[in-house]
Amino acid sequence: MAEQINSLEELGEAVGEDIAGVQGAAETETPREPVRDELGRAYATGKRKDAVARVWIKPGSGKVTVNGKEQDAYFARPVLQMILRQPFTVSNTEGQFDVQATVRGGGLSGQAGAVKHGISKALQLYDPSLRGALKAAGFLTRDSRVVERKKYGKAKARKSFQFSKR
């Protein structure tokens, strides 16, 4: 029977590789590089439900423009404005970036979620050190929940017509 291997070094000797070299390669990951255009902006696309947002961020005073309007004029409800501010509060960059977004499709709630997703992706492209905080908060993951389709024989997706026994 073969002799028992009790450590990584013994395994490396058995395989014929230097385990320290393999571990060193795993520890030294290539750092992410910032992705910016010639104007110093970062671009990302955010999606939520049926809404798609194209988002550009650049260093500035914290001004947010959505479809050519101020954030307060486009998203009048305070909850939607709070959703747009979340990526900045998590990454501690409030008031440091100007945001210009164009959003199409869906309703206001989906559009706010799409802009939030786009801001989060653009922030991590502009400054890769913010990726950990944004990822931990779940802002880099697209929320894949969409409206369920209507089924035949039903009033809506799941609602049935009133049952009549006689």
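Here's what I pulled together on the structure shown here. Just so you know, these numbers come straight off a predicted model, no measurement behind them. (Residues numbered from 1 in each chain as written. Predicted model: local features only at pLDDT ≥ 70, side-chain atom pairs only at ≥ 80, totals over all residues. Heavy atoms only, no water.)

**Overview of the overall build of the protein**
Along the protein, the regular secondary structure elements total six helices and five strands. Moving toward the C terminus, one meets the helices and strands of the protein in the order α-α-β-β-β-β-α-α-β-α-α. Here the protein holds 166 residues, and the buried ones make up 31% of them. In the protein, 65% of the contacts between residues at least 6 apart in sequence involve partners at least 24 apart. (Helix = DSSP H or I, 4+ residues; strand = E, 2+ residues; numbered from the N terminus. Buried < 20%, exposed > 50% of the residue type's maximum accessible area, 1.4 Å probe, protein only. Contact = heavy atoms within 4.5 Å.)

**Re the pattern of salt bridges**
Counted according to the given criterion, the structure contains five salt bridges. The salt bridge involving Asp143 is made with Arg48; its shortest N-O contact spans 3.6 Å. Residue Asp143 is found in the segment after helix H6 (131-137), and its partner Arg48 is found in strand S1 (residues 42-48); the two are separated by 95 residues along the sequence. The partner of Arg145 in a salt bridge is Asp143, and the shortest N-O contact between them spans 2.8 Å. Residue classification places Arg145 among the exposed positions, given a relative accessible area of 56%. (Salt bridge = Lys/Arg side-chain N within 4 Å of Asp/Glu carboxyl O.)

**Some remarks on the nonpolar core**
Nonpolar side chains in soluble globular proteins generally cluster together in the buried interior. By size, the foremost hydrophobic cluster in this structure holds 29 residues, and its most contacted members are Ile57 and Leu123. Mapped onto this core, the elements with two or more residues apiece are S1, strand S2 (51-59), strand S3 (64-66), helix H4 (78-91), strand S5 (97-104) and helix H5 (108-126). In contact with Ile57, not counting residues within four places along its chain, are Gly40, Arg41, Ala42, Phe97, Asp98, Val99, Ala122, Leu123 and Tyr126. (Core = buried A, V, L, I, M, F, W, Y, C linked by side-chain atoms within 4.5 Å.)

**Looking at the packing of aromatic side chains**
As enumerated under the stated definition, the model contains three aromatic pairs in all. Taking the centre distance of 4.9 Å and the plane angle of 85° together, the rings of Tyr74 and Phe75 count as edge-to-face. Like Tyr74, the residue Phe75 is buried in the burial classification. Seen from the ring of Tyr126, Arg36 lies directly overhead, with NZ or CZ sitting 3.8 Å from the centre. (Phe/Tyr/Trp six-rings, centres within 6.5 Å; stacked < 30°, edge-to-face > 60°. Lys NZ or Arg CZ within 6 Å of the ring centre and 35° of its normal.)

**Concerning the pairing of S5**
In this sheet, S5 lies alongside S2 in antiparallel orientation, the contact comprising eight bridges. From the neighbouring strand, Arg54 faces S5, where its bridge partner is Thr102. Judged from the three bridges that link them, S3 and S5 form a sheet pairing that is parallel. Note on S5: the bridge partner recorded for Val64 is Val99. (Pairing = 2+ DSSP bridges.)

**Remarks on the packing of H4 against H5**
Running from N to C, H4 and H5 point in directions that differ by 15°, and their axes come no closer than 8 Å. When the interaxial angle is binned, H4 and H5 end up roughly parallel. Between H4 and H5 lies a crossing of right-handed hand. Mapping the contact onto sequence places Leu80, Ile83, Leu84, Gln86, Pro87, Phe88 and Ser91 in H4 and Leu108, Ser109, Ala112, Gly113, Val115, Lys116, Ile119, Ser120 and Leu123 in H5. (Axes fitted to C-alpha atoms, helices over the stretch in contact; angles between N-to-C directions. Parallel < 35°, antiparallel > 145°, perpendicular 65-115°, else oblique. Left-handed = near helix turned anticlockwise from the far one by under 90°.)

**Quick look at H5**
For H5, which comprises 19 residues, the first-to-last C-alpha distance of 26 Å matches the rise-based estimate of 27 Å (1.5 Å per residue) to within 8%. Most of H5 is tucked away: 15 of the 19 residues are buried. (Expected span 1.5 Å × (residues − 1).)

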